[in-house]
Amino acid sequence: MVQAIENLANITGTVLAIEEHPRLNGWSVLTLQLESVQPLKGSPELWNGRTGQAQQVAIRNGLLEAPGTQSAASKPDVAALVNTRLRCPAQLTVDGIMCKPYPEPGTFALSPEAGSMPEL
């Protein structure tokens, strides 16, 4: 068995599309225009060549509460989420990029405007 390499990074990008994850119940797949990757201290640099491109990112539905709404529905509101900005701690897995399912406070943001994003 191959052991996964711990490779956490903070990623930021604009949500282009969203769909239900094909295998993980309660998860979605975002198409994210990946704009920034900041590897966390001690993590190897495995993210080369991924910024500036649309990337598939798995994310737990509970994190996809659209900005300005009261609570997350069982399925994310696609129309409210397209063109929002996402910042989340993520890692590369054998299945692609995956946001941490339960990020630490202050490390996750979903901003309603593509041009605005609170600083870490």
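This text goes with the structure placed above it.
Everything numeric here is computed off the predicted structure, so don't read it as measured data.

Student: Would you mind going over the overall build of the protein with me for this structure?
Tutor: The helix and strand inventory of the protein stands at 1 helix and 6 strands. Each helix and strand of the protein, placed in order from N terminus to C terminus, yields the pattern β-β-β-α-β-β-β. Each of the 120 residues in the protein was classed as buried or not, and the buried ones make up 39%. Excluding contacts between residues fewer than 6 apart, the proportion of contacts in the protein whose partners are at least 24 apart in sequence is 63%. For the protein, the accessible area works out to roughly 7,000 Å², and carbon and sulfur atoms hold 51% of it.

Student: Looking at this model, I keep getting lost on unusual backbone geometry. Mind explaining?
Tutor: Note: most residues except glycine have negative phi, and most peptide bonds are trans. Positive phi values are uncommon outside glycine, yet Asn83 reaches one of about 80°. Mapping Asn83 onto the fold places it in the loop between helix 1 (78-81) and strand 4 (85-93). Judged by relative accessible area, Asn83 falls into the partly exposed class, the value being 47%.

Student: Hey, could you run me through the side chain of His21 in this one?
Tutor: Tracing the backbone through its elements, the reader meets His21 in the loop between strand 1 (9-20) and strand 2 (27-39). Taking the relative accessible area as the measure of exposure, His21 reaches 11% and is therefore buried. Not counting chain neighbours up to four residues away, the residues in contact with His21 comprise Trp27, Ser28, Val29 and Ala58.

Student: Is there a simple way to explain the pairing of strand 5 (residues 96-99) in this structure?
Tutor: Along a regular strand, successive side chains alternate from one face of the sheet to the other. Where strand 3 (residues 53-60) lies against strand 5, 2 bridges are found, and the strand directions are parallel. Paired with Val57 across the two strands is Ile97, which belongs to strand 5. Judged from the 4 bridges that link them, strand 4 and strand 5 form a sheet pairing that is antiparallel. Directly across from Ala90, in strand 5, lies its bridge partner Cys99. Counting the residues that bridge the hairpin from strand 4 to strand 5 gives 2 residues.

Student: Explanation requested: the pattern of salt bridges in the structure shown.
Tutor: Note that side chains of opposite charge can pair when their charged atoms are close. Applying the stated rule across the entire model yields 2 salt bridges. With its nearest N and O atoms 3.6 Å apart, the salt bridge here joins Arg23 to Asp95. You can see Arg23 sitting in the loop between strand 1 and strand 2 and its partner Asp95 sitting in the loop between strand 4 and strand 5, a full 72 residues away along the chain. Of the two residues, Arg23 and Asp95, neither departs from the other in class, the shared state being exposed. Its salt-bridge partner being Arg85, residue Glu35 comes within 2.0 Å of it at the nearest N-O pair. Residue Glu35 is located in strand 2, and its partner Arg85 is located in strand 4; the two are separated by 50 residues in the primary sequence.

Student: Looking at this structure, how should I read the state of the cysteines?
Tutor: A disulfide bridge is the covalent bond that connects two cysteines by way of their sulfur atoms. All told, the structure shown has 1 disulfide when counted by the stated rule. Sulfur-sulfur distance for the disulfide between Cys88 and Cys99 comes to 2.2 Å. An S-S torsion of about -55° defines the bridge between Cys88 and Cys99 as left-handed. Highlighted residues: Cys88 in strand 4 and Cys99 in strand 5, separated in sequence by 11 residues. According to the relative accessible area criterion, Cys88 is buried, its value standing at 1%. Residue Cys99 is classed as buried on the basis of its relative accessible area, which comes to 0%.

Parameters and conventions
Residues numbered from 1 in each chain as written. Predicted model: local features only at pLDDT ≥ 70, side-chain atom pairs only at ≥ 80, totals over all residues. Heavy atoms only, no water. Helix = DSSP H or I, 4+ residues; strand = E, 2+ residues; numbered from the N terminus. Buried < 20%, exposed > 50% of the residue type's maximum accessible area, 1.4 Å probe, protein only. Contact = heavy atoms within 4.5 Å. Areas by Shrake-Rupley, 256 points an atom, 1.4 Å probe, with all protein chains shown as cover. Pairing = 2+ DSSP bridges. Salt bridge = Lys/Arg side-chain N within 4 Å of Asp/Glu carboxyl O. Disulfide = S-S within 2.5 Å.

Just distances and angles here, no functional claims.
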